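# Chain and residue survey
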Amino acid sequence: MILQVQENGLYFTFDMTENQPVYLLHMGADPMVEQPNEKVKGSCHFQEIQVTGEGRANHMGVSPIGTLPGRRMHYTGYSDEHNDLGRILKIHTKDIQTGLAATMVYQFYDGIPVVRCRNIVTNEGNLDLGL
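A quick note: this is a predicted structure, and the numbers were derived from the prediction, not measured. Residue positions within a chain follow its written sequence, with the count starting from 1. pLDDT decides what is reported in this predicted model: residues at 70 or higher carry local features, side-chain atom pairs at 80 or more are listed and counted, and totals for whole chains, interfaces and linings draw on all residues regardless. The basis for the side-chain values is all heavy atoms of the structure; hydrogens and waters are excluded.

Any Lys or Arg side-chain nitrogen found within 4 Å of a carboxyl oxygen on Asp or Glu counts as a salt bridge. By the definition in use, this model includes four salt bridges. When the shortest N-O distance is used, the salt bridge between aspartate 95 and arginine 72 registers 3.0 Å. You can see aspartate 95 sitting in the loop between strand 5 (87-94) and strand 6 (100-108) and its partner arginine 72 sitting in the loop between helix 1 (38-41) and strand 4 (74-82), a full 23 residues away along the chain. For the salt bridge of arginine 87 with aspartate 80, the shortest nitrogen-to-oxygen distance reads 2.5 Å. Exposure is judged per residue with a 1.4 Å probe applied to protein chains only, and the accessible area is read against the type maximum: over 50% gives exposed, under 20% gives buried, and values in between give partly exposed. Residue arginine 87 is classed as buried on the basis of its relative accessible area, which comes to 13%. Taken together, the shared-partner salt bridges in this structure form one network comprising Glu7, Asp80 and Arg87. Numbering of helices and strands runs from the N terminus; a helix is a DSSP stretch of H or I covering at least four residues, while a strand is a stretch of E covering at least two.

Printed below as a string of structure tokens:
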């Protein structure tokens, strides 16, 4: 499913499919004009989460991209609401292997082209580490 969001002069395009990674295909002051090809889309993961002991999916030096379980986070749903500040979009993902659930929150502010993004990560797993 392609989700296009337009709010206060900002444009976002997400590719979200149940049990698949979420891709942020576009974010900017102008609408997206063409769909990226599959190779480009693969580099558009919208969420990076690093867990100690997990390693990385990409091994190109030290950087916060290609994180694990970030690359395994799969779409589980979204909500589109309003609060006192403006529109708030929440995209929910989960990694089955670790039990980590994450919500990416996009807070838009009424009347100005500003968005605040944050990631809320919750451990819903029951992994016994023997500690």
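So, next bit.
With that settled, the discussion passes to the sheet that holds strand 1 (residues 2-7). Sheet architecture is open: three strands sit in the order 1-2-3, paired in antiparallel fashion. Of all strands in the sheet, those bounded by a partner on one side alone are strand 1 and strand 3 (23-28). In this sheet, adjacent strand axes meet at a mean angle of 10° when their direction is disregarded. In this sheet, strand 2 (residues 10-15) lies alongside strand 1 in antiparallel orientation, the contact comprising six bridges. Across the sheet, the residue bridging to valine 5 is phenylalanine 12, located in strand 2. Paired strands are those between which DSSP finds at least two bridges. Lines are fitted to the C-alpha atoms to define the axes, a helix being fitted only along its stretch in contact, and any angle between axes, read from their N-to-C directions, falls within 0 to 180 degrees.

Fair warning: the whole summary comes from geometry, so function is off the table for now.
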